[in-house]
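Coordinate analysis (summary)
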Amino acid sequence: MKHLLRNTARVYIVLALGFIYVPLLIMMLNAFNQSRINQFPLVFDLVWFQKLAQNQRLIRATVNSLSIAAFTSVLATICATFAALVLARQQFRGKAFLQALLLPPMTIPWIILAVALLLTFFWLGISRSIVTLLLGHVTVQIPFAIIVISARLAATDRTLEDAAASLGSRPARTFRTITLPLMLPGVLAALIFTFAVSFDNFPISYFLAPAGVSTLPVEIYTAIRTGFTPEVNAISTLVFIVSAACALVGGREISFGVRSA
Amino acid sequence: MSMRFGGRWWGLIPAYGWLILFCFVPLAVMFVFSFLSAVPLGAREVSFTFNNYATFFQSSLYSQLTLISLTMAFQTTFWCLLFGYPLAWALSKAVRGRTQGVLFLLIVVPFWSNSLIRLYSWVIVLQNGGVISQFFKLFGISVPGILFTYPAIIIALVHAYLPYMVLTIYVSLDRIDDSLIEASRSLGARAWRTFRRVILPLSMPGVVSGVILVFVPVVGAFVEPRLLGGRQSQTLGTIIENQFVNSFNWTLGSALSFLMLFVVLLLVILSAGISRLRSRAQ
């Protein structure tokens, strides 16, 4: 009976993974399919990758997404590191309130945050530019970064720092030799995670990007609405493989507070 | 108080300054503008008004759209919970060690990939003559693609938000001490009773945060309905998008955004309150 339950559970996990991955696999297979309208049987062909190589729009959008994600994740992680250190190592009144303040930017529908920023910039006479886009991205990244780094700091042993301090180590030295190495994996995880958050973000880019600047999600959105060719499959396949690889590396570190595998 | 490097409050300034300037101030600005007749620009005359909110209550269109958005969010949350709870349970109790870690990562991976890519993959699968239609054709059954129908939206939303639900429930199930379950068993409780009296109550915090993490963003969803729901499909999210992108009625868009936030907030407070009452009752 117990065996039956356990095996049923295992079959269920496989089915669930099927639901999660089969659509993506079908999309990826069609990237290598000659058919223009994603029809099976599969006729192997690299034509869509060749077409992609000539599609400046899609390539530029992908490069934009990558550069925006790289720049904003560094900025957000730096800001978040300072905040996480204070939140994790300092007792003060209003700390719970400050931690609660992190929730709205993460949880409210991002369309609301995006239009609020658009409206405010417009009112102030700031037109949409690459800067407004970056500002918006960092705003949604900061809370995620603080939470990831805080989780790491909470898991590290404070007695090490106390020991160093009681042995006469100065604060700066304690920080450099104890706290910094201990928190570094968390900082790296925050970098990777915020990168993914920015790379994935659609609403902020959609509302705040200036005319002529497009990101990969915006480009895919436009492609689906205006008719698409399997070049989109090709770029999506490449991006999915790369981000899955990053997830396998970065996910180990984060695991969302779950004990690491 | 011990003096530690970085333990000084100024460390908070960059992050919180940023959040205040680029999240809370814009929200406040939008809140104020939702009571104005137009966005104040230059010499334009604007006046204080409740018209934007009145529009919502006068026209049945908006209450219908709100109902659609809420139904969409309820259904997505329901399916995520129905499929996600057993999945989280299976992950935490039916597999161990390395396998557990690998499976857990596999569930998390789509989190990192682009959500538009995942949506796009559903367009390919569900379209007319797509994989599903082709599959049934093998058996001589003609099935039209369900792209541009309401179920397509729900399928894609469940696909997108299932990992959130699984993650939060998994974390709370994982924290349950197995000895509690053993104790319940050795005291003679059957499996179902153990589940209802021990496992379920202890995993409630995970369920509540999972429900919130799925429900709140889905109420505002506008991409999925736009791409998978076809031309007729409208939600509160798409109508807000419309106000800002097409019809340029920004003050009405602001009012609609705040009504959406208000509804969401109400439901979150309600569900948090219910779970607190429950935990107190036990």
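Residues numbered from 1 in each chain as written. Chains lettered and ligands numbered in written order. Predicted model: local features only at pLDDT ≥ 70, side-chain atom pairs only at ≥ 80, totals over all residues.

1. Examining the confidence of the model for chain A
When pLDDT is averaged along chain A, the result is 87, and 95% of the positions lie at 70 or above. Here residues 256-261 of chain A is a poorly scored stretch, pLDDT under 50, and it has 16 contacts once near neighbours within four places are set aside; other chains count. (pLDDT = per-residue confidence, 0-100. Contact = placed C-beta atoms within 7 Å.)

2. With respect to the domain arrangement of chain A
Reports of interface size often rely on the accessible area that becomes lost once the parts have come together. Residue and element names in this part refer to chain A. Domain assignment breaks chain A into domain 1 (1-45) and domain 2 (56-257). Between domain 1 and domain 2, the C-alpha centre-to-centre distance is 31 Å. Every contact between the two is made by seven residues of domain 1 and, on the other side, seven residues of domain 2. Of the residues in the side of domain 1 that touches domain 2, the class split is four nonpolar, two polar and one charged. (Domains from an automatic or database assignment. Nonpolar A, V, L, I, M, F, W, Y, C, P; charged D, E, K, R; others polar.)

3. Describing the packing of helix H3 (residues 56-89) of chain A against helix H11 (residues 216-226) of chain A
All names here are of chain A. The interhelical angle for the contact between H3 and H11, taken along N-to-C directions, is 145 degrees, at an axis separation of 7 Å. From H3, Arg 57, Leu 58, Ala 61, Thr 62 and Ser 65 reach across to H11, where they touch Leu 216, Val 218 and Glu 219. Residue composition of the contact of H3 with H11, grouped by class: four nonpolar, two polar and two charged. (Axes fitted to C-alpha atoms, helices over the stretch in contact; angles between N-to-C directions. Helix = DSSP H or I, 4+ residues; strand = E, 2+ residues; numbered from the N terminus.)

4. Things to note about the packing of helix H7 (residues 150-175) of chain B against helix H9 (residues 191-219) of chain B
All names here are of chain B. In contact at an axis separation of 7 Å, H7 and H9 are set at 160 degrees when each is read in the N-to-C sense. By the angle class used here, H7 and H9 are roughly antiparallel. Viewed along their axes, H7 and H9 form a crossing whose handedness is right-handed. Between H7 and H9, the residues in contact are Leu 157, Tyr 161, Tyr 164, Met 165, Thr 168, Ile 169, Val 171, Ser 172 and Leu 173 and Ser 203, Pro 205, Gly 206, Val 207, Ser 209, Gly 210, Leu 213, Val 214 and Val 218, respectively. Residues belonging to the contact of H7 with H9 are distributed by class as follows: twelve nonpolar, six polar and no charged. (Parallel < 35°, antiparallel > 145°, perpendicular 65-115°, else oblique. Left-handed = near helix turned anticlockwise from the far one by under 90°.)

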